[in-house]
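# Breakdown of the fold
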Amino acid sequence: MKKKRTYNVRLVKRHRSYTLYAIAALYDLHINAVRRWGLPCIDGEKPQRVHGSDLIAFLDARQRARKNPCKKVTEIYCFPCRKQQSIWENAVDLIILNPKQLNITGLCNECGTSMFKMGSIQKLEEYQKIFHVQTVQGEHLIQRSDNPVMCDLKEGG
Ligand SMILES: [Zn+2]
């Protein structure tokens, strides 16, 4: 998985305008990555240019959004879309990692990329209600083969 990147907005001069290529060079990105940002370009300029102040606002918003992602349970952050997306058909696989954590994986409803996020074993039942769970992998990691401390509490015995 790609490491999340923070762009230093101080590299951008507020009163300058930038071509998409200049922005790509500034942050050592591929031009297509910059195009995907969908920056607000200055009308009528060719090649397309972006105001420094717009670029700063965009990067700020983007970085703030990342720190405070909207926490809809049924959404997962999609890297190609760069935002929280709902899951295709709400269909997920649960992959149990250890007795506490699991991965929830599903496909982005928008672009079809597979996405995942961490979940908690404690919420396993909840997940099975809110998602169409296709498969659960690694269930043996949380299964207790027997329950030696269970007491027989039958009434009227
Ligand atoms: Zn997507």
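Here is a short report on the structure shown in this document.

Definitions and limits used
- The numbering scheme is per chain: residues are counted from 1 as the chain's sequence reads.
- pLDDT decides what is reported in this predicted model: residues at 70 or higher carry local features, side-chain atom pairs at 80 or more are listed and counted, and totals for whole chains, interfaces and linings draw on all residues regardless.
- Numbered from the N terminus, helices here are DSSP runs of H or I no shorter than four residues, and strands are runs of E no shorter than two.
- With C-beta atoms placed from the backbone, a contact is any residue pair whose C-beta atoms sit within 7 Å.
- By convention in this section, buried Ala, Val, Leu, Ile, Met, Phe, Trp, Tyr and Cys residues joined through C-beta atoms within 7 Å make up a nonpolar core.
- For every residue, the other C-beta atoms within 10 Å of its own C-beta are counted; 20 or more classify it as buried, 12 or fewer as exposed, and values in between as partly exposed. C-beta atoms are placed from the backbone.
- Between any two strands, at least two bridges found by DSSP are needed for them to pair.

Quick look at the overall build of the protein chain now. Scanning the protein chain from terminus to terminus reveals four helices and seven strands. The order of α-helices and β-strands along the protein chain, N terminus first, is β-α-α-β-α-β-β-β-β-α-β. Across the protein chain, every contact between residues at least 6 apart in sequence was considered, and the portion connecting residues at least 24 apart equals 49%.

Before going further, it helps to examine the nonpolar core. Counting eleven residues, the largest nonpolar core consists of I76, C78, I87, V92, L94, I96, L102, I104, C108, M115 and F131. The greatest single-element share of this core, amounting to four residues, is contributed by strand β4 (residues 83-96). Counting nine residues, the second-largest nonpolar core is a separate cluster that includes V12, L20, I23 and V50.

As for its placement among the helices and strands, K72 is situated in the loop between α3 (52-67) and β3 (75-78). Measuring from C-alpha to C-alpha, the distance between K72 and Q84 comes to 8.5 Å, with twelve residues separating the pair along the chain.

Take the pairing of β3 next. Only one face of β3 is buried, namely the one carrying I76 and C78, since none of E75 and Y77 on the opposite face is buried. In terms of strand pairing, β3 meets β4 through four bridges, oriented antiparallel. Looking at β4, one finds that I76 is bridged to Q85. Between β3 and β4, which pair antiparallel one after the other, the connecting turn spans four residues, and R82 there sits at a positive phi close to 60 degrees.

Attention shifts here to the pairing of strand β5 (residues 101-108). Relative to β5, β4 runs antiparallel, the two being bridged by six bridges. Within the sheet, the bridge partner assigned to L94 lies in β5 and is I104. Bridging between β5 and strand β6 (residues 114-120) involves seven bridges; their strand directions are antiparallel. Looking at the pairing, N103 lines up with M118 of β6. Here β5 folds back onto β6, and the loop between the two strands holds five residues, one of which, G112, carries a positive phi near 80 degrees.

What follows covers unusual backbone geometry. Positioned with a positive phi, R82 is a non-glycine residue whose angle comes to about 60 degrees. Within the secondary structure, R82 is located in the loop between β3 and β4. With a phi angle near 55 degrees, N90 is a residue other than glycine that sits in the positive phi range.

Summarising the element assignment, I130 is placed in helix α4 (residues 124-130). Between the C-alpha atoms of I130 and V73, which are 57 residues apart in sequence, the distance is 8.6 Å. Once residues within four sequence positions are removed from consideration, I130 is found in contact with V73 and T74.

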